[in-house]
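Structural overview for review
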Amino acid sequence: VVIAEEYRDDLAGVIKSDSRVKFADPGKERQDSVFNGLQTTPDDASLVCVHDAARPLVTPEEIYNVIDDASEHGAAVLAVPMKATVKESADGEFVLKTIDRARLWEIHTPQVMRPGLLRDGFAKVEKEGLAVTDDVSIVEQLPAPVKITVGEYTNIKITTPEDMPMAESILLRRSEVAV
């Protein structure tokens, strides 16, 4: 678990109940945090699962599905087809062109891969000085295939106060269905 030291006591119960759980320090950038976490992964681990705390609404079914796909293909990522129209702009002021969304996917977490793929990807990223924005991008640099596992639109990323009412609505709907 990549988490700042001051928050580790919050997970003390989990650590006591499962000796396989290890802590790692966060890094300056996301890829640094993932690298730090990877260093605590045992050599015999079959998969590494990277998940953002900013996506707390992921369902168990999504997690199982992406793990199954990574087990079969080596790497997999949760994603949903892009709904929005996407425009490209060279200067941030005028539209350059419209991107065909039929081929675009909004990437979620967890992102799951064989540890060896991630280690090899990190070696290449470091050697070539590449910047990546997510974990499977590291694997893509090899290049290695990454399976798209279709997720749910409810696996939203909570990064602004405006995201909270949506998250609360999703949780309310889930609790009503569960009853």
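Details of the structure are given in the entry above.
Position numbers for residues start from 1 in each chain and track the written sequence from start to end. Per-residue local features are limited, in this predicted model, to residues with pLDDT of at least 70; the limit for side-chain atom pairs, both in listing and counting, is 80 or more; totals at the level of whole chains, interfaces and linings are taken over all residues. To obtain the side-chain values, all non-hydrogen atoms of the structure were used and water was disregarded.

Regarding the overall build of the protein
Secondary structure elements follow DSSP: runs of H or I no shorter than four residues count as helices, runs of E no shorter than two count as strands, and numbering proceeds from the N terminus. For the protein, the helix and strand inventory stands at 6 helices and 6 strands. Mapped in sequence order, the helices and strands of the protein form the string α-α-β-α-β-β-β-β-α-α-β-α. With respect to the principal axes defined by its C-alpha atoms, the protein has extents near 55 × 50 × 35 Å. Exposure classes here rest on a 1.4 Å probe applied to the protein chains alone. A residue is buried below 20% of its type maximum, exposed above 50%, and partly exposed in between. Taken across its 179 residues, the protein has 31% of its residues classed as buried. Within the structure as shown, the protein displays about 11500 Å² of accessible surface, and the carbon and sulfur contribution to it stands at 54%. The average position of the 20 basic charges and that of the 32 acidic charges among the side chains of the protein differ by 3 Å. Surface accessibility follows the Shrake-Rupley procedure with a 1.4 Å probe radius. Residue values consider only the protein chains on display as shielding. Charge convention: Lys and Arg are scored as positive, Asp and Glu as negative, and His as well as the terminal groups of each chain are ignored. The atom standing in for a charge is NZ when the residue is Lys, CZ when it is Arg, CG when it is Asp and CD when it is Glu.

Some thoughts on the environment of K147
With respect to the helices and strands, the residue K147 is situated in strand β6 (residues 147-150). Looking at K147, the relative accessible area reads 33%, which means it is partly exposed. In this structure the C-alpha to C-alpha distance between K147 and R173, which are 26 residues apart in sequence, comes to 30 Å. When sequence neighbours within four positions are dropped, the list of residues in contact with K147 reads D69, H73, A75, A76 and V77. Between two residues, a contact is recorded if the distance between any of their heavy atoms is within 4.5 Å.

A closer look at the pairing of strand β5 (residues 105-113)
In this analysis, strands are considered paired if DSSP registers two or more bridges between them. Across 3 bridges, the pairing between strand β1 (residues 48-50) and β5 is antiparallel. The partner of V48 across the bridge, within β5, is M113. Inspection of the sheet shows strand β2 (residues 75-81) paired to β5 by 6 bridges, in the antiparallel sense. Within the sheet, the bridge partner assigned to V77 lies in β5 and is Q111.

Thoughts on the sheet that holds β5
Two pairing modes exist for strands in a sheet, parallel and antiparallel, and in both the strands are linked by backbone hydrogen bonds. Spatial ordering of the open sheet is given by β1-β5-β2-β6, a layout of 4 strands whose pairing is mixed. Looking at the sheet topology across the chains shown, the edges are occupied by β1 and β6. Ignoring strand direction, the axes of neighbouring strands in this sheet form an average angle of 35°. Geometry is summarised by axes, namely lines fitted to C-alpha atoms with helices restricted to the contacting stretch, and by angles between N-to-C directions that run from 0 to 180 degrees.

Examining helix α6 (residues 163-178)
Residue count minus one, scaled by 1.5 Å, sets the expected span of a helix. With 16 residues, α6 extends 23 Å between its outermost C-alpha atoms, agreeing within 8% with the 22 Å of an ideal straight helix rising 1.5 Å per residue. All buried positions along α6 are accounted for by D163, A167 and I170. Around the axis of α6, the buried residues are gathered within 60° of arc, so they sit on the same side. The arc in question is traced by the directions running from the helix axis to the C-beta atoms.

Brief notes about helix α3 (residues 60-73)
Under the 1.5 Å per step criterion, the end-to-end length of α3 is 20 Å for 14 residues, consistent within 8% with the ideal 20 Å. What α3 keeps buried is the set E62, V66, D69 and A70. Within α3, the buried residues cover an arc of 100° as seen down the axis, which keeps them to one side. Seen from the open side of α3, the exposed residues pointing more than 90 degrees away from its buried face are P60, E61, Y64 and E72. Elements that come into contact with the buried residues of α3 comprise β2, β5 and β6. Positive phi appears at G74, one or two residues downstream of α3, with a value of about 100°.

Read these as layout, nothing more, since geometry by itself doesn't imply function.
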